[in-house]
Protein chains: 2
Amino acid sequence: MPENPNATTTHPRTVALLGGGVIGGGWAARFILNGVNVRLYDPASNAVEYVQKVLANARRAYQRLTDAPLPTEGALTLLDSVEDAVRDVDLVQESAPERVELKQKLLAAASRAAGPDALICSSTSGFRPSLLQAEMDHPECFLVAHPFQPVYMLPLVELCGGARTAPRMLDRAAAIFRSIGMHPLKVRKEVDGFIANRLGDAISRESLWLVHDDVATLQEIDDAVRYSWGLRRAVMGAYRMADGGEGMRQTIEKWAFKWPWSRLTEKPNMDEAFLDRVAEQADALVKADPIETPTVQKRDDLLVAVLQGLRSQGYGPGETLMRWEQRLRERAPRAQLRDGSGPLLASTIAVPSDWIDVNGHVAESRYLQLCSDATGTVTRYIGIDAEYRSSTGAYYTLETHLCHLGELHAGDRIQVSTQVLGVDDKRLHLFHVITREGGEQPMATGEQMLIHVDAATKRSRPVKGDVRESLWRLAKVHAQLPRPERASASIRLPLSAQAAG
Amino acid sequence: MPENPNATTTHPRTVALLGGGVIGGGWAARFILNGVNVRLYDPASNAVEYVQKVLANARRAYQRLTDAPLPTEGALTLLDSVEDAVRDVDLVQESAPERVELKQKLLAAASRAAGPDALICSSTSGFRPSLLQAEMDHPECFLVAHPFQPVYMLPLVELCGGARTAPRMLDRAAAIFRSIGMHPLKVRKEVDGFIANRLGDAISRESLWLVHDDVATLQEIDDAVRYSWGLRRAVMGAYRMADGGEGMRQTIEKWAFKWPWSRLTEKPNMDEAFLDRVAEQADALVKADPIETPTVQKRDDLLVAVLQGLRSQGYGPGETLMRWEQRLRERAPRAQLRDGSGPLLASTIAVPSDWIDVNGHVAESRYLQLCSDATGTVTRYIGIDAEYRSSTGAYYTLETHLCHLGELHAGDRIQVSTQVLGVDDKRLHLFHVITREGGEQPMATGEQMLIHVDAATKRSRPVKGDVRESLWRLAKVHAQLPRPERASASIRLPLSAQAAG
């Protein structure tokens, strides 16, 4: 279901997290990087240290994932008790270990301390919400909000209310999760394990049988999936396939439960010998082939690449990413002159991993793309918006001179600053400098000549009105800056070389 | 398992396909686009028409997937009998409907006609090879080679031999499938459904239970998967996760078969009412939300995006893609001089529709991409290949001067011709002209200065040996051409404009 572009979002200011393990740490990273303060309760002595580690990985992944301006990070505060943690927060998210009594106790304490209107969610992978809300003071404010690991990367959060949950609480939760880039899915009925994990569990069961029966090793099972339908599953489910001409009904009649393809109806003897075998294969997979065994960072880079691929198609999780970026951009400050009178600074971006070509380099056309984007920053700055472009005109590029002076790498945070070298009635002469964030050393420069073109006739026409005034103001400020050494240079070899041979 | 870069590949010249339906048509497209002739036997009256349709989609997808030079397409020939089809081919691939007697009959006929050493494979999704080879004359030459849909996009092919299969036949088949961009996986034991489909079947069973129990609709199930672990599955299996600190043994002890999360142990009553409900949900999904229901082309575009994302990481299916492209480049014919002594002509390409930006234009960075590709044509022409790049060096771009003189549109067939303006020990000065195919009017020109860089030190070094000789020969021929008017031009406004304001 494409996300409704007008779906409510509510950006929270502060949330309480009960538990900062793998799941709680992932929540912390997602909230903090979205500018939300996190009040953490976790009795483990290394809780903050662990969350900081997850946060560092998430920060790195987000820098690769998006060039939208991330907000100032939220603060992380460790509290000594559930009661202190949940004070005045917009949301309490419990992510304790999967023990029902422990969760019930934490949730009851949170409910008592947080007051009658506080939204309280559990990250449980399996327990039904009716069971978890049993001992709460305000069970109507409780629901399950089940995320997927890595929480800061995967967009799904399954929302499931219990018998006593107020339906409006699901909407409130959905609006919050949407604001931090997630895709909330309401589960329409209570069920153990909700939806996605039930399907995942089915795969695990069958996989263990294949190992048990010596049909395949864990490595072979993993390969079989990721080289085949695992690729498809990233882009669509089994029921979205645009395959043969057959309808779903025929397909199901023909295939479902008809073939002797699974041993799901049985349970293997999980004895020590079998467990040893599985553990051995898992260890072998990790040790024998370290390049292929991704670290957290490699995993994240791969997810970034897939998400960016889906974004280029505006599809599914890629669409969720696009909408989140749109919200980030709307909330971001406008471009500014450096030190009030220097070049115009475009916002910092991180080099996405899909800019890297087969030889491990950023393709040269990406440098031009950075210049085009910086030109866009200039034209927006002088007041050219969608309305102006459709009613009046726009600047088209006539020429570009790019110089490559250093090499960019995936994840590098870079900034493009632009100086207006000259203007006349129709033309605009710009000089872009690409540097690493905070650096002075140019990685590349791009000089461009543009011409102002009429929206209707597509012929050149003079620029007029407010846009002209803003542009002349900017050009006047920039006329005070030193002219870049490389401006108006030409490409040539010494004469001797030109006569080569 | 990362593909062994030295793994054997055998590029077949002609294959016989028995059956040209969804799977057979996909095989046909993959073989034909890889330059392999296809002899098709399919009694259906519209078989060729259907295969042509699949081929058209595949051609479109490959043009988006790769910029490696695809070979001249293989020929498609329809034959009237199995006997005619299998004559003198390198491989027979059977993809008939899943009826064991039909497959046995076809395979037996193929085996009799093809002779004692012909490799014969079946695309069966489920039958064991021992069963299928029962009536064959040369059962030792038979194995299952099970692909995944869309066959021309997904790299996996599961290879499974029967009791009477000669092990060397699996190697022979693997070498052939590798040569057409696939990832062969040998299944170590006969089992119904092999590996990937058993896991897929497990998901289907659990999904149908969720629908049966009204927990979720098909749409919700699809969303739950593709927004959560479906994304992860594209990049790694369940046993490659770099998650918490827990080992696989602990994880399995804690989770496997322990939770009441699945109804896999039962089979629902597949009555009419239930089938109607499933069919209705599937129809609703397709009709209510046509944008979100991908056509074959949309599905392929999404897979292209994911595969290209994985290629940027050199990982899994992305690595398979890279190796295939490498082989395509090695096999590609060299570029040619126009009229024997004119500029070097890169092969004609069609402007892909995804080059068009939100404003309906080809983004300016794409013009630079065309120039980069043309530079690649030049460097390949003078003998710089993968081996040279890893052992010796490569040309890196120092500067580019682009001039926009006309506008390209999606589908325009364009050609880039390149003139060497000058060379010295380290530098190479090129001038590209982009025109419509057969046209003289330049749409854009691109002037570039490149420098020869050492593979190990990444510092500039003189070009030597055969590459130098080829380059000097080319430069000498091109020194006779008139120097382009725009060469060595610079970008500047009249002085009056530079003092604007």
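Residues numbered from 1 in each chain as written. Chains lettered and ligands numbered in written order. Predicted model: local features only at pLDDT ≥ 70, side-chain atom pairs only at ≥ 80, totals over all residues.

Peer 1: Give me the lowdown on the overall build of chain A, citing residues and values where you can.
Peer 2: Helix and strand content of chain A: 17 helices and 15 strands. For chain A, the proportion of its 501 residues judged to be buried stands at 50%. (Helix = DSSP H or I, 4+ residues; strand = E, 2+ residues; numbered from the N terminus. Buried ≥ 20, exposed ≤ 12 C-beta atoms within 10 Å, placed from the backbone.)

Peer 1: Could you give an account of the sheet that holds strand β4 (residues 91-94) of chain A, naming the residues involved and the relevant values?
Peer 2: All names here are of chain A. Strand order in the open sheet formed by eight strands is β3-β2-β1-β4-β5-β6-β7-β8, with mixed pairing between adjacent strands. Edge positions in the open sheet fall to β3 (76-79) and β8 (183-186), since each of these has one partner strand only. For this sheet the average axis-to-axis angle between neighbouring strands, irrespective of direction, equals 25°. Bridge analysis of strand β5 (residues 120-122) against strand β6 (residues 142-147) gives three bridges, and the strand direction is parallel. Within the sheet, the bridge partner assigned to Cys121 lies in β6 and is Leu143. Sheet contacts for helix α6 (residues 167-179): β4, β5, β6, β7 (156-161) and β8; angle to β7, the most-contacted strand, approximately 165°. (Pairing = 2+ DSSP bridges. Axes fitted to C-alpha atoms, helices over the stretch in contact; angles between N-to-C directions. Contact = placed C-beta atoms within 7 Å.)

Peer 1: Residues and numbers for the environment of A:Ala173, please.
Peer 2: All names here are of chain A. By the element assignment, Ala173 lies in helix α6. Judged by the 25 C-beta atoms lying within 10 Å of it, Ala173 is buried. With 52 residues separating them along the chain, Ala173 and Cys121 place their C-alpha atoms 8.4 Å apart. Discounting residues that sit within four places of it in the chain, Ala173 has contacts with Leu119, Cys121, Leu143, Ala145, Leu159 and Pro184.

Peer 1: Requested: an account of the packing of helix α12 (residues 296-312) of chain A against helix α12 (residues 296-312) of chain B, with residues and values cited.
Peer 2: Where α12(A) contacts α12(B), the two axes come as close as 8 Å, and the packing angle between them is 145°. The element α12(A) and its partner α12(B) pack so that their crossing is right-handed. Of the residues in α12(B), those touching α12(A) at A:Leu302, A:Ala305, A:Val306, A:Gln308, A:Gly309, A:Leu310 and A:Ser312 are B:Leu302, B:Ala305, B:Val306, B:Gln308, B:Gly309, B:Leu310 and B:Ser312. (Left-handed = near helix turned anticlockwise from the far one by under 90°.)

Peer 1: Outline the packing of helix α1 (residues 22-33) of chain B against helix α2 (residues 47-65) of chain B, supporting the account with residue identities and numerical values.
Peer 2: Residue and element names in this part refer to chain B. Contact geometry of α1 with α2 gives a least axis separation of 8 Å together with a crossing angle of 50°. By the angle between their axes, α1 is oblique relative to α2. The two elements α1 and α2 meet at a crossing, and its hand is right-handed. Along the contact surface, α1 presents Gly25, Gly26, Ala28, Ala29, Ile32 and Leu33, while α2 presents Tyr50, Val51, Val54, Leu55, Ala58, Arg59 and Tyr62. Taken together, the residues that form the contact of α1 with α2 break down as 10 nonpolar, two polar and one charged. (Parallel < 35°, antiparallel > 145°, perpendicular 65-115°, else oblique. Nonpolar A, V, L, I, M, F, W, Y, C, P; charged D, E, K, R; others polar.)

Peer 1: Which residues make up helix α4 (residues 100-114) of chain B, and what are the values?
Peer 2: Residue and element names in this part refer to chain B. Counted at 1.5 Å a residue, the expected span for α4 with its 15 residues is 21 Å, and the 21 Å between its end C-alpha atoms agrees. Listing the buried residues of α4 in full gives Lys103, Leu106, Leu107, Ala109, Ala110, Ser111 and Ala114. Those residues of α4 that are buried lie in contact with β1 (14-18), α3 (82-85), β4 (91-94), β5 (120-122), α5 (129-132) and β6 (142-147). Immediately beyond the C-terminal end of α4, within one or two residues, lies Gly115, with a positive phi of roughly 95°. (Expected span 1.5 Å × (residues − 1).)

Peer 1: I'd like a rundown of the sheet that holds strand β2 (residues 37-41) of chain B, residues and numbers included.
Peer 2: Residue and element names in this part refer to chain B. Pairing is mixed across the open sheet formed by eight strands, whose spatial order is β3-β2-β1-β4-β5-β6-β7-β8. Single-partner strands in this sheet number two, and they are β3 (76-79) and β8 (183-186). Neighbour to neighbour, the strand axes of the sheet diverge by 25° on average, direction disregarded. With five bridges connecting them, β6 and strand β7 (residues 156-161) associate as antiparallel partners. Considered in β7, the bridge of Pro147 is made with Val157.

Peer 1: Can you tell me about the environment of B:His11, naming the residues and giving the values?
Peer 2: Residue and element names in this part refer to chain B. Within the element layout of this structure, His11 appears in the segment before β1. Accessibility expressed as a C-beta count within 10 Å gives 16 for His11, which makes it partly exposed. With 168 residues separating them along the chain, His11 and Ser179 place their C-alpha atoms 5.4 Å apart.

Peer 1: For the confidence of the model for chain A, give the residues involved together with the corresponding values.
Peer 2: Residues and elements named next belong to chain A. Here chain A averages 84 in pLDDT, while 84% of its residues score no lower than 70. The low-confidence segment residues 288-293, where pLDDT is below 50, has seven contacts with residues more than four positions distant or belonging to other chains. For the stretch residues 497-501, pLDDT sits under 50, and the model shows 18 contacts to residues farther than four places along the chain or on other chains. Interface confidence in the predicted complex, given as ipTM, is 0.74; pTM for the same model is 0.76. (pLDDT = per-residue confidence, 0-100.)

Peer 1: Explain helix α16 (residues 465-479) of chain A to me, using residue names and the numbers behind them.
Peer 2: What sets the pattern is the α-helix's 3.6 residues per turn: residues three or four places apart point alike. Residue and element names in this part refer to chain A. Along its 15 residues, α16 runs 21 Å from first to last C-alpha, staying within 8% of the 21 Å computed at 1.5 Å per residue. Among all positions of α16, only Leu471, Leu474, Ala475 and His478 are buried. An end-on view of α16 places all buried positions within 100° of arc, on one side of the element. Those residues of α16 that are exposed and aimed more than 90 degrees away from the buried face are Gly465, Asp466 and Arg473. Contact partners of the buried residues in α16: β13 (413-423). (Arc of directions from axis to C-beta.)

Peer 1: Describe the pairing of β7(A), and please don't skip the residues or the numbers.
Peer 2: On a regular strand, each side chain points to the face opposite its neighbour's, so the side chains alternate between the two faces of the sheet. All names here are of chain A. A large share of β7 lies buried, amounting to six of its six residues. Bridge count for β7 against β8 is four bridges, and the pairing is parallel. What sits directly across from Leu156, in β8, is His183. Regarding the hand of the β-α-β motif, the stretch spanning β7, α6 and β8 is right-handed. (Right-handed = clockwise from strand over helix to strand, strands pointing away.)

Peer 1: Quick one: what's the story with the pairing of β1(B), residue by residue and with numbers?
Peer 2: Residue and element names in this part refer to chain B. Judged by how many residues are buried, β1 sits mostly within the fold: four of five residues are covered. Two elements, β1 and β2, share five bridges in a ladder whose sense is parallel. For Thr14, the partnering residue across the bridge sits in β2 and is Asn37. Taking the sense of rotation as the criterion, the β-α-β connection linking β1, α1 and β2 turns out right-handed. Where β1 meets β4, four bridges bridge the pair, whose relative direction is parallel. When the sheet's bridge partners are listed, Val15 is paired in β4 with Leu91.

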